[in-house]
Amino acid sequence: MVSLGAACLVAALLTAIAAAGLALYAALTGDRRFTDASRRAVYALCALLTIGVVVIEAAFLRSDFSVELVADHSSTTTPTFYKVTALWSSQGGSLLLWAWVLSIASSAVLFLTRTRHREIVPWATAVLATLAAFFCALMLFGANPFARLDPVPVEGAGLNPLLRHPMMAIHPVALYSGYVAFSIPFAFAIGALITRRLDASWIRSTRRFALAAWTLLGLGLMFGASWSYAELGWGGYWGWDPVENAALMPWLAGTAFLHSIMVQERRGMLKVWNVSLIVATFALALLGTFLVRSGVLQSIHAFGASTVGGPLLGLIGVVLIASTALIISRLGDLRSERRIDSFLSRETVFLINNLLLVGLVAVIFWGTFFPLIAEAVTGERSSLAAPWFNQYTTPIGIALVLFTGIGPLLAWRRLSVQSALRTFAFPLVAALVATLAIAVLADALQEPGALILFCFAAFALAALLQEFWRGASARHSLAGGTWPGALVAIVGRNQRRYGGYIAHAGFILAMIAVAASSSFQTSRDVTLEPG
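Source: prediction; values computed, not measured. (Residues numbered from 1 in each chain as written. Predicted model: local features only at pLDDT ≥ 70, side-chain atom pairs only at ≥ 80, totals over all residues. Heavy atoms only, no water.)

A. View of the overall build of the protein. A tally of regular secondary structure across the protein gives 18 helices and zero strands. On C-alpha atoms alone, the protein measures out to a radius of gyration of 25 Å, which is about the 24 Å that the 2.2 N^0.38 rule sets for 531 residues. In terms of its C-alpha atoms, the protein occupies a principal-axis envelope of roughly 75 × 75 × 60 Å. A total of 531 residues make up the protein; the buried ones form 51% of that total. Taking the intrachain contacts of the protein between residues at least 6 apart in sequence as the baseline, contacts between residues at least 24 apart amount to 78%. (Helix = DSSP H or I, 4+ residues; strand = E, 2+ residues; numbered from the N terminus. Rg over C-alpha atoms; globule rule 2.2 N^0.38 Å. Buried < 20%, exposed > 50% of the residue type's maximum accessible area, 1.4 Å probe, protein only. Contact = heavy atoms within 4.5 Å.)

Written out as structure tokens, the structure is:
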């Protein structure tokens, strides 16, 4: 049965290469028959990799120690639940998961766009199939999950005890799925650039995939923080570890992308910014995959040094260089259709938010790779610890909370000063009252950074509450019925807008929790005696 999985992996590589070749031929000739053939080849790739995953999972369940992957990461005493999830605790298994999720996402988007984007889809298919071929080749020649052992050991090494936690069963899957799903908007952005179809149509077709990627990556970060809180001891949930940072950076860049594409959809602006952001987001997702496998930076999450780090770094280089050259060659087609009309406008706030998010990514990137930079310059490796990250990320995070509240209050294009005063009145009063109450009751004056964040958070939450109130009240006055019914109706009719507000509220609450837990914690050294 393991031989079947190995054969499927070889067939998957050949199928991915065929899909890429067919798609390129379709793109160059415009022959839709080859577009359809390349799409079906991607479906076949998905089927082959699914068989491979089933085979390796079956090997784990029956404790087949003739498979090196199973012998190294499972044992007869490993609980069944952790046998199933041990696949992604290993190098080869996690790469198989990466390729499998990529094939599923590629099949889904190609099915949904089978009658649309006739010029873009072949190029996007070629990009996705090439990525799949790369990861299949990486497994076959670098970390084969179907590698055999001879002689066969009697017992396996078992799963690392730190990984025996429910969150670790789903944390890697969520992270990898988030990484992979960003390849969909990236591939379509490349197709749009090549064909010069640079309106917002490619964004509308891939926005849900970008949103799914962002959501899955965010869930992966939260699951990882929960695991860290439980397993690494004494209440820590974030340590600015290189691999943690590598997962956070594409989430932040993806957040910027999801906001800026709204400006392009509504106003035809920020086209260069959007394609640059999705390229950067996907490159950062690949960087996260690279850091876990390269061993270039010390991390409790890394697999250690391996043979696949070099090829992954090469892929990142190709993505960045080729994409940058393509964007530069299309600058004339990427000109904005309109300009910002007023500083008091929603698009202005979106742009400021984007700059803050990108600035946060830059700070984290510098801090993460500083050991390598320092070693290259001075010959000695030194690192930046959590206090350095906190010093520079805290003010950016506080500013993000403020603009998260300002954005929903502003209209597109412009808002008059009189309207702004009316709109901002309630949030400002709420922020003032909350700040005074927290300063008195919680003795927060000794922590000015936390107090400022609480003030901005109160402003932002009040602004979001006001938006829900205004929308429901307007619906209630027009259609009658109950006020709660009106609230449900407006949310149902405009899920994108109010869903965004709910996501903003979640972000603000998370920032409040981070500020409270980091500013008001009590730490002391004690001596424990027996009993």
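Back to the text.
B. Looking closely at the nonpolar core. Counting 128 residues, the largest nonpolar core has Phe 135 and Trp 202 as its most contacted members. Tallying contributions element by element places helix 6 (residues 120–141) first for this core, with 13 residues. With residues near it in sequence (within four places) discarded, Phe 135 still touches Leu 95, Trp 98, Ala 99, Leu 286, Leu 312 and Leu 315. Ranked by size, the runner-up nonpolar core spans 16 residues in total, among them Ile 398, Ala 457, Ile 490 and Tyr 501. (Core = buried A, V, L, I, M, F, W, Y, C linked by side-chain atoms within 4.5 Å.)

C. Summary view of the pattern of salt bridges. As enumerated under the stated definition, the model contains eight salt bridges in all. With its nearest N and O atoms 3.0 Å apart, the salt bridge here joins Arg 39 to Asp 36. A residue pair is termed a helical-turn pair when its members lie 3 or 4 positions apart in one helix, as Arg 39 and Asp 36 do in helix 2 (residues 32–61) at three residues. (Salt bridge = Lys/Arg side-chain N within 4 Å of Asp/Glu carboxyl O.)

D. Fine view of unusual backbone geometry. Of note, the bond from Asp 150 into Pro 151 is cis; its omega dihedral lies within 30 degrees of zero at 10°. Along the chain, Pro 151 turns up in the loop between helix 6 and helix 7 (166–181). Of note, Ser 63 is a non-glycine position whose phi angle comes to about 50°, a positive value. Tracing the backbone shows Ser 63 in the loop between helix 2 and helix 3 (68–73). A relative accessible area of 14% means that Ser 63 is categorised as buried. Phi is positive for Trp 240, which is not a glycine, with a value near 55°. Take Trp 240: it is sitting in the loop between helix 9 (201–231) and helix 10 (242–267).

E. Up close: a nonpolar patch on the surface. Side chains of Val 10, Leu 14 and Ile 17 sit close together on the surface and give an oily, nonpolar patch of about 270 Å² of accessible area. Of note, Ile 17 is situated in helix 1 (residues 2–29). (Patch = residues over 30% accessible without salt bridge, like charges linked within 9 Å, V, L, I, M, F, W, Y side chains within 5 Å. Areas by Shrake-Rupley, 256 points an atom, 1.4 Å probe, with all protein chains shown as cover.)

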